[in-house]
Amino acid sequence: MANEINGGSILHSPGSLRPNSKIFPQEIVCNGNNNDEFTDIDIERKEIINEVEENHATEISLEEEVISEEQAEPSPASPVNKDNKVETENLSQGDEAAAAMADASSILHPHKDLPQPVAPNNLLKSRSYPGRAVSVFRDDQSENFPIDVPKIGKFIKERSASLKAEISKRINANRKDRDDHADVAEFTLSGVKVIVQERETPFVEDMSNGIISISNHNEDDLSALKGRVTFFSRSNCRDCRAVRTFLRERGLKYAEINVDVFPAKQKELMERTGSTTVPQIFFNEKLIGGLVALNLMRNSGVLEMRLREMLAGKCPDDAPVPVAYGFDDPDEEEEDRTAGIVRVLRQRLPIQDRLIKMRIVRNCFTGNDFVDVIVRHFGCDRAKAVTIGKELARKHFIHHVFGGNDFQDGNKTYRFLEHELFIQKCFNFRGSADEREPQDAAAMTDKLAKILYAILETYASEDRRHVDYISINNSEEFRRYLKLVQGLHRVDISALASNERLAFFLNLYNAMVMHGMIRMGYPEGIMERKPLVTDFLYLVGGHPYSLGTIKNGILRSNRRPLYSLIKPFNAGDTRLELALPAVNPLIHFGLCDGAKSCPTVRFFTPQNVEAELRHATREFFQRGGLEVDLGKRTVYLSRIFKWYGVDFGSSDREILNWIMSYLDASRAGLLTHLLSDGGVVNIAHQTYDWSLNS
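Residues numbered from 1 in each chain as written. Predicted model: local features only at pLDDT ≥ 70, side-chain atom pairs only at ≥ 80, totals over all residues. Heavy atoms only, no water.

*Asks:* Whenever I open this one, the overall build of the protein chain confuses me. Can you help?
*Replies:* Scanning the protein chain from N- to C-terminus turns up 20 helices and 19 strands. For the protein chain, with 694 residues in total, the buried portion stands at 40%. For the protein chain, restricting intrachain contacts to residue pairs at least 6 apart in sequence, the fraction spanning at least 24 positions comes to 66%. Roughly 40200 Å² of accessible area belongs to the protein chain as shown, and the carbon and sulfur atoms make up 51% of that amount. (Helix = DSSP H or I, 4+ residues; strand = E, 2+ residues; numbered from the N terminus. Buried < 20%, exposed > 50% of the residue type's maximum accessible area, 1.4 Å probe, protein only. Contact = heavy atoms within 4.5 Å. Areas by Shrake-Rupley, 256 points an atom, 1.4 Å probe, with all protein chains shown as cover.)

Pasting the structure below:
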């Protein structure tokens with residue numbers, strides 16, 4: 001620090017200062033003469049310097065007296081013995097204070113007439129000594145917030161050392177535990193000590209030059225095998241489901257060939273195994289057998305060894321080949337015998353827009369034009385042409401523009417099926433009507449159920465609460481499903497029995513929801529679902545069906561849908577003939593709208609549809625579709641009972657009595673207690689989770 005004095009400088013160097021040191025004249029640098037004799041100015045400067053030294057010495061002596069008095073007084077917090085003497089610890093503190101005093105005496109202060117150094121705002125004006133409390137606040141706050149820095153540092157070091165020791169101890173203990181119990185799992189059940197030892201699995205590591213190396217490996221390594229596990233299956237097969245679950249749990253990659261979905265593979269199954277029984281499991285090209293053989297190998301402890309022996313190398317060419325995407329089986333279905341006539345009519349009929357009854361009718365032709373073309377092209381009489389027209393109308397190749405399938409020779413107007421106004425919204429229609437001979441409705445129902453079962457078993461979780469829509473969209477099973485539903489264009493649904501019709505429309509509804517999620521996306525919320533419910537159509541039996549018409553028109557016996565005053569079918573609608581004669585409340589637990597709060601997605605067989613619906617209903621209530629709070633005398637129901645309560649009963653008590661038959665013992669007991677004591681029973685509805693079940 002340099003202080004200007006009349007053109008000269010007094011140099012204060014911290015390294016050159018000593019306790020009680022003097023400032024000699026040679027330290028004065030003058031800008032004037034360099035003679036040995038002092039001038040008057042030099043003498044005046046020397047007097048000022050001597051005065052500074054005297055003042056400084058006076059300050060140091062006063063400070064020493066203050067510190068001595070502080071050391072002489074015993075601290076209230078200091079421990080004292082019976083003779084009221086300070087212990088050895090306090091003596092050491094006094095020595096530290098004396099050393100601090102000696103250090104403090106070495107600090108030189110400027111003369112009172114000279115500029116004084118100013119400390120920053122947040123620093124203390126008083127000096128700090130080792131072992132004393134130091135404040136990091138300003139003077140006005142230092143008394144309230146003392147911090148003992150040395151003690152804090154010592155505390156942190158001690159805690160850090162303790163923490164390190166504890167961590168090291170835990171790590172060493174865990175390592176020792178793993179080393180001691182690497183092959184043994186030990187636990188206690190009901191006071192009985194049980195020790196389970198893992199079975200050692202031999203593994204043929206190297207068989208080159210006749211040398212066999214045996215070693216033990218973890219089962220987790222099975223996923224790295226180069227070979228392939230293949231098994232033949234069928235839809236809704238219990239043993240096939242067990243094999244599939246076993247392979248998934250072991251982490252084995254496998255290829256499944258469902259002979260119901262791929263009928264051409266049934267011939268290969270017969271050739272390789274000599275029977276059509278499923279499941280049949282192959283490790284590469286070697287036949288293992290069915291579920292019984294797999295369980296025997298697992299229980300005898302040789303399964304992992306056989307897996308590694310057979311799957312260590314790549315799969316050979318003579319192993320069963322998985323089904324490739326995009327290849328269809330040879331089409332065994334015959335073309336409709338009237339399809340040739342339809343193609344001729346499409347080319348020769350004068351199809352145009354007409355004004356009929358003050359309405360513009362698009363893409364239509366008259367019965368008279370139809371008969372003329374048939375007579376000219378095929379050389380038959382008009383009566384024969386009318387017969388051909390009636391057959392085409394019955395097979396849904398042509399329709400009357402105002403409804404009805406009866407064909408007449410005259411001025412009535414007709415149009416082809418592909419020219420219907422609703423056809424653009426039908427997602428199972430591509431270009432033109434299916435010209436294959438319509439399949440039997442019962443056979444179509446059975447095929448539809450099998451392929452939908454195969455999709456669900458492969459691309460849904462075990463509990464059916466989560467569906468992988470992306471994998472479904474990219475699968476060969478879904479591609480074949482889309483081809484199958486094209487055969488619904490002209491199928492005669494009216495030929496189905498009541499149980500077959502129920503299973504058909506339940507399966508079709510759930511399949512359309514799945515298809516709609518993939519093509520249109522999933523709208524969360526009941527109001528946002530309107531386009532999916534009303535505008536996503538399938539062409540079935542020559543008529544359009546939406547999700548709303550299937551649920552409310554067919555399954556609910558033509559009842560008004562939610563938030564609507566109009567029934568799905570009017571009195572002249574031919575689809576009304578297919579509606580169920582009465583509402584079956586169980587259908588609400590067999591329909592899945594793709595939301596998490598919906599019943600789980602499932603498909604039904606015509607033979608067991610009623611039993612399967614009852615099972616679905618019980619499962620829905622077990623998952624939380626009903627909760628009872630005795631304290632509040634409240635029953636919490638799914639919102640399904642709020643939206644469609646009329647299907648279950650005319651009053652709350654009737655609805656609860658209907659539910660009673662499908663509850664487990666605990667819930668049924670609680671509900672019975674509420675209903676039988678004569679008190680008021682409150683009904684509240686649960687929050688509905690509309691998020692996607694993916």
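*Asks:* Just checking my understanding: could you explain the pairing of strand β14 (residues 413–416) for this structure?
*Replies:* Two faces, one strand: in a regular strand the side chains alternate between the faces of the sheet. Residues T413 and R415 of β14 are buried on one face, and the alternating residues Y414 and F416, pointing to the opposite face, are buried as well. Direction of pairing for strand β13 (residues 398–400) relative to β14: antiparallel, over a ladder of 3 bridges. Each bridged residue has a counterpart across the sheet, and for H400 the counterpart in β14 is Y414. (Pairing = 2+ DSSP bridges.)

*Asks:* Can you help me understand the sheet that holds strand β8 (residues 254–258) in this one?
*Replies:* By way of backbone hydrogen bonds, the strands of a sheet pair with one another, either parallel or antiparallel. Taken in spatial order, the 4 strands make up an open sheet running β8-β7-β9-β10, and their pairing is mixed. Edge strands, defined here as strands with exactly one partner in the open sheet, are β8 and β10 (286–289). Neighbour-to-neighbour, the strand axes of this sheet turn through a mean angle of 25°, independent of strand direction. The sheet contacts of helix α5 (residues 265–273) involve β7 (229–233), β8, β9 (280–283) and β10, and relative to β9 the element is tilted by about 70°. (Axes fitted to C-alpha atoms, helices over the stretch in contact; angles between N-to-C directions.)

*Asks:* Quick question: what am I supposed to make of the packing of helix α11 (residues 441–459) against helix α14 (residues 498–520) here?
*Replies:* If you want to describe how two helices pack, look at the angle between their axes and the distance between the axes. Closest axis-to-axis distance for the α11/α14 pair is 10 Å, and the angle between their directions is 40°. Taken as axis vectors, α11 and α14 run oblique relative to one another. Helix-helix and strand crossings are classified by hand; for α11 and α14 the assignment is left-handed. Residues A442, T445, L448, A449, L452 and I455 of α11 form the contact with α14, whose own contacting residues are E500, F504, N507, A511 and M514. Its residues assigned to classes, the contact of α11 with α14 shows 8 nonpolar, 2 polar and 1 charged. (Parallel < 35°, antiparallel > 145°, perpendicular 65-115°, else oblique. Left-handed = near helix turned anticlockwise from the far one by under 90°. Nonpolar A, V, L, I, M, F, W, Y, C, P; charged D, E, K, R; others polar.)

*Asks:* Mind showing me how you'd approach unusual backbone geometry here?
*Replies:* Outside of glycine, negative phi angles account for most residues, and trans bonds account for most peptide bonds. Along the chain, V278 connects to P279 via a cis peptide bond; the corresponding omega equals 5°. Summarising the element assignment, P279 is placed in the loop between α5 and β9. One non-glycine residue, N558, lies in positive phi territory at about 60°. Secondary-structure assignment places N558 in the loop between α16 (547–555) and α17 (609–625). On the accessibility criterion, N558 (9% relative accessible area) is buried.

*Asks:* I would appreciate a short explanation of the nonpolar core in the present structure.
*Replies:* One recurring pattern in soluble globular proteins is that nonpolar side chains are buried together. Residues Y481, F505 and I659 are the most contacted members of the largest nonpolar core, which totals 88 residues. Counting residues per element, this core draws most heavily on α14, at 13 residues. Setting aside anything within four residues of it in sequence, one finds I659 in contact with F621, L626, L637 and F641. With 20 residues, the next largest nonpolar core counts L345, L349, I388 and L392 among its residues. (Core = buried A, V, L, I, M, F, W, Y, C linked by side-chain atoms within 4.5 Å.)

*Asks:* Explain the packing of helix α4 (residues 238–250) against helix α6 (residues 291–300) to me, please; I cannot follow it from the model alone.
*Replies:* Two numbers describe how α4 lies on α6: the axes approach to 10 Å, and their chain directions differ by 35°. Judged by residue contacts, D239, A242, V243, F246 and R250 of α4 engage L291, L294 and R298 from α6.

*Asks:* I'm lost on the sheet that holds strand β17 (residues 626–629) in this one. Help?
*Replies:* Read across the open sheet, the 3 strands follow the order β17-β18-β19; overall the sheet is mixed. In this open sheet, the two strands that pair with only one neighbour each are β17 and β19 (682–685). Here the strands of the sheet are splayed against their neighbours by 20° on average, with no regard to which way each runs. Of the pairings in the sheet, the one linking β17 to strand β18 (residues 634–637) comprises 4 bridges and is antiparallel in character.

*Asks:* I'm lost on the pattern of salt bridges in this one. Help?
*Replies:* Side chains that carry opposite charge are capable of pairing whenever their charged atoms lie near each other. Overall, the coordinates contain 37 salt bridges when judged by the stated rule. A salt bridge links K265 to E268, with the shortest nitrogen-to-oxygen separation between them at 3.3 Å. Note that K265 and E268 are positioned in helix α5 at a spacing of 3 residues, about one turn of the helix. Note on E268: relative accessible area 17%, which makes it buried. Across the pair E391 and K395 runs a salt bridge, and its minimum N-O distance is 3.5 Å. Both residues of the pair, E391 and K395, count as buried. Beyond isolated ion pairs, a larger network of salt bridges with shared partners links E335, R343, R346, E418 and E435. (Salt bridge = Lys/Arg side-chain N within 4 Å of Asp/Glu carboxyl O.)

*Asks:* Please clarify how the side chain of Q280 should be interpreted in this entry.
*Replies:* With respect to the helices and strands, Q280 occurs in strand β9. Take Q280: its relative accessible area is 11%, and that puts it in the buried class. If we skip the residues at most four places from it in the chain, Q280 touches T230, F231, F232, L269, T273, S275, L287, G289 and G290.

*Asks:* I keep staring at the environment of T338 and nothing clicks. Help me out?
*Replies:* Take T338: it is sitting in the loop between α7 (303–311) and α8 (339–348). Put simply, T338 and F397 are 59 residues apart on the chain and 9.3 Å apart in space, counted from C-alpha to C-alpha. Contact partners of T338, with chain neighbours within four places excluded, come to E391, L392, K395 and F397. A distance of 2.7 Å separates polar atoms of two side chains, one belonging to T338 and the other to D336. (Polar contact = N/O pair within 3.5 Å; in protein donor to acceptor, adjacent residues only side chain to side chain.)

*Asks:* Would you explain the packing of aromatic side chains in this entry?
*Replies:* Aromatic rings considered in pairs are described by the distance between their centres and by the relative angle of their planes. Across all of its chains, the model carries 25 aromatic pairs by this definition. A network of ring pairs unites the aromatic residues F589, F620, F621, F641, F648, W658 and Y662 as a single cluster. Geometry around F416 places R346 over its ring, the cationic atom sitting 5.9 Å from the centre. Over the ring of F402 we find K357, and its NZ or CZ is 5.5 Å from the ring centre. (Phe/Tyr/Trp six-rings, centres within 6.5 Å; stacked < 30°, edge-to-face > 60°. Lys NZ or Arg CZ within 6 Å of the ring centre and 35° of its normal.)

*Asks:* Would you take a moment to explain the pairing of β9 for this structure?
*Replies:* Neither face of β9 is exposed, since Q280 and F282 on one face and I281 and F283 on the opposite face are all buried. Note that β9 and β10 share 3 bridges and pair antiparallel. Bridging across to β10, F282 finds its partner in L287.

*Asks:* Which parts of the structure should I look at to understand α11?
*Replies:* Each full turn of the α-helix corresponds to 3.6 residues, which orients residues three or four apart in the same direction. If you check α11, its first and last C-alpha atoms are 27 Å apart, about what 19 residues at 1.5 Å a residue would give, namely 27 Å. Looking at where α11 begins, the residue whose side-chain oxygen comes 3.1 Å from the main-chain nitrogen of A442 is D440. (Expected span 1.5 Å × (residues − 1).)

*Asks:* Looking at this model, I keep getting lost on a nonpolar patch on the surface. Mind explaining?
*Replies:* Taken together, the side chains of I152, F155 and I156 make up a nonpolar region of the molecular surface, amounting to roughly 310 Å² of accessible area. Mapping I152 onto the fold places it in helix α3 (residues 149–180). (Patch = residues over 30% accessible without salt bridge, like charges linked within 9 Å, V, L, I, M, F, W, Y side chains within 5 Å.)

Interpretation note: all reported values are geometric properties and have no functional meaning in isolation.
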